[in-house]
Amino acid sequence: MEVVISVLVGALVAAAVYLMLSRDLLRFLLGLILISNAANLSIFVAGRLTTGAPPLIAEGQDFPADQVANALPQALVLTAIVIGFGLFAFTLVLTLKAYKRLGTLDTSEMRIAEPRDE
Amino acid sequence: MSWLLSLPILIPFAAAVISFLLKDGPGGRWASVIGSGAMLVSAIALMSSVLDQGVVAGQMGNWPASFGITLVADLLSAVMVLITAITGLAVAVYAMADVKPDIERLGYHALFQVLIAGVAGAFLTGDLFNLYVWFEVMLIASFGLLVMGGSKEQIDGGVKYVALNLISTILFMTGIGLLYAMTGTLNLADLARTVPTVENQGMVTVVAVMFMVAFGVKAAVFPLFFWLPAAYHTPAFATSAVFAGLLTKVGVYALIRMFTLVFVGDISFTHEILLWVACFTMVTGVLGAAAQNDFRKILSFHIVSQIGYMILGLALMTPLAILGAIFYLVHHIIVKANLFLVAGVANAIAGSTELKRIGGLYATAPILAVLFLVPAFSLAGFPPLSGFWAKFLLIRAALEEGAGFVAFVALAVGLFTIFSMTKIWAEAFWTPHPDGVEPRLSSLDRKTLWPLILPIAALAVLTCIIGLFPEPFVVFAERTADQLLNPAPYIAAVLGDGA
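Nothing here was measured: the structure is a model prediction, and the numbers come from that model.

### Considering the overall build of chain A
Along chain A, the regular secondary structure elements total three helices and zero strands. Ordering the α and β elements of chain A from the N terminus gives α-α-α. Here the C-alpha atoms of chain A give a radius of gyration of 20 Å, more than 25% beyond the 13 Å that 2.2 N^0.38 yields for 118 residues. The principal-axis extent of the C-alpha atoms belonging to chain A is close to 70 × 30 × 25 Å. Counting all 118 residues of chain A, 32% fall into the buried class. Total accessible area on chain A stands at roughly 7400 Å², and carbon and sulfur atoms take up 64% of it.

Have a look at this one:
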């Protein structure tokens, strides 16, 4: 299972880098979402995958009796997803605003803060 | 104990909530200033307690370390929080007059306080994933502050700033994932113990370089600095001052923390990279500044150049070099924030930040001229100001290591720094104003003037004090460097004595 997800992470990163190399800001943004999901998945795999063993501790005990799924990476990924979602929403609005104010999403045309003649 | 550690984070958050509720009136400003003042008090309390007892650590929610989230303050964290509070207070006062009412109504002061909370959190956390979270808090607040007002320049600069910083964040997170896979922990102190026992040290070095790139983007080192000069000259002056003072320095702090505590297994490889990065950062930054003709753009490129000096100290990794890097870090935050504040006043009375379109400040606003000279000379490293000692320590450290070439680069970059400072001086202060305007401080009404001038004067006095009485500061930096290079007490404080 780890291998499958690792390959998936690789495929996601490849697609993301391809998209992010584009001059179109929207394609860049889509690439950013893909690569952040790749990062989330790699944290998930980093905790090793266990099937069918929820991390529950029986009553009266301090630690689980058998090997259980690692809950920490899942908590981390959950945090990262929430943060990533907020950032993505902001970036999407920023892109929209950039299109409205600057009239283009071609990053090589965005030279207002850094004019060409300097 | 844990209150002392969490107050510098909680106070700005509380101030943020209050100033957001009062954002439609003058109350929001005052909430921000009072909050910053209270944070300064808590930072001083934290500092004295760290000076007294050594490393102070606390576990949030009382979960033992390596499970729970650790807040920990050694001398480096404490001094960074203190300097954050000082800069925060100075900028909060300045923002009272600098930020326009329509931007205040958008919640400027609230976001500013969130930013300060994020910075303080990043300095105080003892957990890698928590560091990521604080970076995000800081980042989202800085996004908001940067584009507030929504001018074309701001949107354009904002897009580049956001894009490059998000890439760095994702690299950081991937690095966290890989490090966790190897060690099973994300607590910094625990990592310091477990990373050397990892079998595959090659993989550790790979992850180390990932962190180096991620923090390198945040710290704006060569060749990852392009977002900085694209964005820092666009927002309100108070905003760019706090960005210039604090944000990149969080990246530098993270680099220093990770590469003195965790990634010290392959110094000859990782720190060699840092050394070259430092040299290129110093040189490209200062050359970029020489090509600019705008007050704030010149200063922005100088941030890049100065970051190089701090990375140089880290790269050399001797006690004297780390000492120099810490001294530089503290000196630089004060000086750089101050120069951006001066640029704001120059813009207010002379009408622009473009050097071609202003002038005459020396003849009619001599007080401002003096207040510019102090940080500008300090930045360039004139004795007896703080920058001289900072550069002196670093260059001596380089020479002691036999790195003559590096010392030469550092000296030459200092020379070019003087060049662009004199460019600002000549164009903005000496030559007459092209439109015949006589810029006077008295043209500002008193309610605007004092909040603008007081923080500048206070920071300039601080620069002079560090410059004239460097001894206690150097002794302090020496103790800090010693703590960084011998992390056993740090680890023991976090993990308890049984560790």
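Here the narrative resumes, following the displayed structure.
### What to know about the nonpolar core
Among the nonpolar cores identified, the biggest contains 225 residues, and L128, Y161, F172, Y232, F263 and F372 of chain B are the most heavily contacted of them. The element that contributes the greatest number of residues to this core is helix α14 (residues 319-350) of chain B, accounting for 21 residues. V9, L12, A38 and V45 of chain A belong to the second largest nonpolar core, which has five residues in total.

### Quick notes on the interface of chain B and chain A
Each side of the interface is counted separately: chain B has 35 residues, and chain A has 35 residues. A combined buried area of about 3000 Å² lies between chain B and chain A, and 75% of that area is made up of carbon and sulfur atoms. Counting every contact that joins chain B to chain A gives zero salt bridges. Seen at the junction of chain B and chain A, the total is four residue pairs in polar contact (both at pLDDT 80 or more). At the level of secondary structure, the elements contributing two or more residues to the side of chain B that touches chain A comprise α6 (128-147) and α7 (152-183) of chain B. If one sorts the elements of the side of chain B that touches chain A by residue count, α7 of chain B sits on top with 18 residues. Of the residues contributing to the side of chain B that touches chain A, the split by class is 19 nonpolar, ten polar and six charged.

### A word on the pattern of salt bridges
Within this structure, the stated rule accounts for six salt bridges over all chains. In this structure, R357 of chain B engages E354 of chain B in a salt bridge whose closest nitrogen and oxygen atoms are separated by 3.9 Å.

### Regarding helix α1 (residues 2-20) of chain A
If you check α1 of chain A, its first and last C-alpha atoms are 26 Å apart, about what 19 residues at 1.5 Å a residue would give, namely 27 Å. Listing the buried residues of α1 of chain A in full gives I5, V9, L12, A16, L19 and M20 of chain A. Within α1 of chain A, the buried residues cover an arc of 95 degrees as seen down the axis, which keeps them to one side. Summarising the geometry of α1 of chain A, the exposed residues directed more than 90 degrees from the buried face are V3, V4, V7 and Y18 of chain A. On its buried side, α1 of chain A packs onto α2 (25-46) of chain A together with α7 of chain B.

### A word on the packing of α1 of chain A against α2 of chain A
Residue and element names in this part refer to chain A. At their nearest, the axes of α1 and α2 sit 8 Å apart, and the two run at 160 degrees to each other. It follows that α1 is roughly antiparallel to α2 by the angle criterion. Considering how the two elements wind past one another, α1 and α2 form a crossing that is left-handed. Residues E2, I5, S6, L8, V9, L12, V13, A15, A16, Y18, L19 and M20 of α1 pack against R27, F28, L30, G31, L32, L34, I35, A38, L41, S42, F44 and V45 of α2. Taken together, the residues of the contact of α1 with α2 break down into 19 nonpolar, three polar and two charged.

### Things to note about the environment of N62 of chain B
Residue and element names in this part refer to chain B. Within the element layout of this structure, N62 appears in the loop between β1 (56-60) and β2 (69-73). Overall, the relative accessible area of 71% leaves N62 in the exposed class. C-alpha separation for the pair N62 and F340, spaced 278 residues apart in sequence, amounts to 42 Å.

### Examining a nonpolar patch on the surface
Residue and element names in this part refer to chain B. Nonpolar side chains collect at one region of the surface, where V461, I465, L468, F469 and F473 lie side by side and expose about 460 Å² of accessible area between them. Here the nonpolar patch gets three residues from one element, more than from any other, and that element is helix α19 (residues 446-468). Tracing the backbone shows L468 in helix α19. Residue L468 is classed as exposed on the basis of its relative accessible area, which comes to 52%.

### With respect to a positive patch on the surface
A grouping of K97, K100 and R101 of chain A together with K152 of chain B is seen on the molecular surface, where their side chains present a positively charged patch. At three residues, helix α3 (residues 71-102) of chain A tops the list of elements feeding residues into the positive patch. With respect to the element layout, R101 of chain A can be found in helix α3.

### Overview of the confidence of the model for chain A
For any part of a model where pLDDT is low, the fine detail of the predicted coordinates should not be relied upon. On average, chain A scores 87 in pLDDT, and the residues at 70 or more come to 98%. Between the elements of chain A, mean pLDDT differs from a low of 90, seen in α3 of chain A, to a high of 93, seen in α1 of chain A.

### Things to note about the side chain of E104 of chain B
Residues and elements named next belong to chain B. Within the secondary structure, E104 is located in helix α4 (residues 101-105). A distance of 2.8 Å separates polar atoms of two side chains, one belonging to E104 and the other to H109. Those residues within four positions of E104 in sequence are excluded, and the remaining contacts are K23, R29, V99 and H109.

### Examining unusual backbone geometry
Residues and elements named next belong to chain B. A cis amide bond links F222 with the next residue in sequence, P223, at an omega value of -5 degrees. Its location among the elements puts P223 in the loop between α9 (201-219) and α10 (227-231). Here the amide bond leading from P383 into P384 is cis, since omega sits at 5 degrees, within 30 degrees of zero. Within the element layout of this structure, P384 appears in the loop between α16 (366-380) and α17 (386-400).

### Thoughts on the packing of aromatic side chains
Residue and element names in this part refer to chain B. Under the defined criterion, the tally for this structure stands at 32 aromatic pairs over all chains. Plain terms: the ring middles of F13 and W134 are 6.2 Å apart, the flat faces sit at 35 degrees to each other, and that makes the pair tilted. You can see F13 sitting in helix α1 (residues 2-21) and its partner W134 sitting in helix α6, a full 121 residues away along the chain. Since its relative accessible area comes to 30%, F13 is described here as partly exposed. Overall, W134 belongs to the buried group, its relative accessible area being 12%. Summarising the aromatic geometry, the rings of Y309 and Y328 are spaced 5.0 Å apart at their centres and angled 15 degrees between planes, so their arrangement reads as stacked. Separated by 19 residues along the polypeptide, Y309 in helix α13 (residues 295-316) and Y328 in helix α14 bring together distant segments of the chain. One exposure class covers both Y309 and Y328, and it is buried. Cluster of aromatic residues (ring-pair linked, three or more members): F129, Y132, F135, F172, F211, F215, F259 and F263. In this structure, K391 packs its charged tip against the face of Y309, placed 4.9 Å from the ring centre.

About the criteria used
Residues numbered from 1 in each chain as written. Chains lettered and ligands numbered in written order. Predicted model: local features only at pLDDT ≥ 70, side-chain atom pairs only at ≥ 80, totals over all residues. Heavy atoms only, no water. Helix = DSSP H or I, 4+ residues; strand = E, 2+ residues; numbered from the N terminus. Rg over C-alpha atoms; globule rule 2.2 N^0.38 Å. Buried < 20%, exposed > 50% of the residue type's maximum accessible area, 1.4 Å probe, protein only. Areas by Shrake-Rupley, 256 points an atom, 1.4 Å probe, with all protein chains shown as cover. Core = buried A, V, L, I, M, F, W, Y, C linked by side-chain atoms within 4.5 Å. Contact = heavy atoms within 4.5 Å. Buried area = accessible area lost by both parts, 1.4 Å probe. Salt bridge = Lys/Arg side-chain N within 4 Å of Asp/Glu carboxyl O. Polar contact = N/O pair within 3.5 Å; in protein donor to acceptor, adjacent residues only side chain to side chain. Nonpolar A, V, L, I, M, F, W, Y, C, P; charged D, E, K, R; others polar. Expected span 1.5 Å × (residues − 1). Arc of directions from axis to C-beta. Axes fitted to C-alpha atoms, helices over the stretch in contact; angles between N-to-C directions. Parallel < 35°, antiparallel > 145°, perpendicular 65-115°, else oblique. Left-handed = near helix turned anticlockwise from the far one by under 90°. Patch = residues over 30% accessible without salt bridge, like charges linked within 9 Å, V, L, I, M, F, W, Y side chains within 5 Å. Lys, Arg positive; Asp, Glu negative; His and termini not counted. Charge placed at Lys NZ, Arg CZ, Asp CG, Glu CD. pLDDT = per-residue confidence, 0-100. Phe/Tyr/Trp six-rings, centres within 6.5 Å; stacked < 30°, edge-to-face > 60°. Lys NZ or Arg CZ within 6 Å of the ring centre and 35° of its normal.

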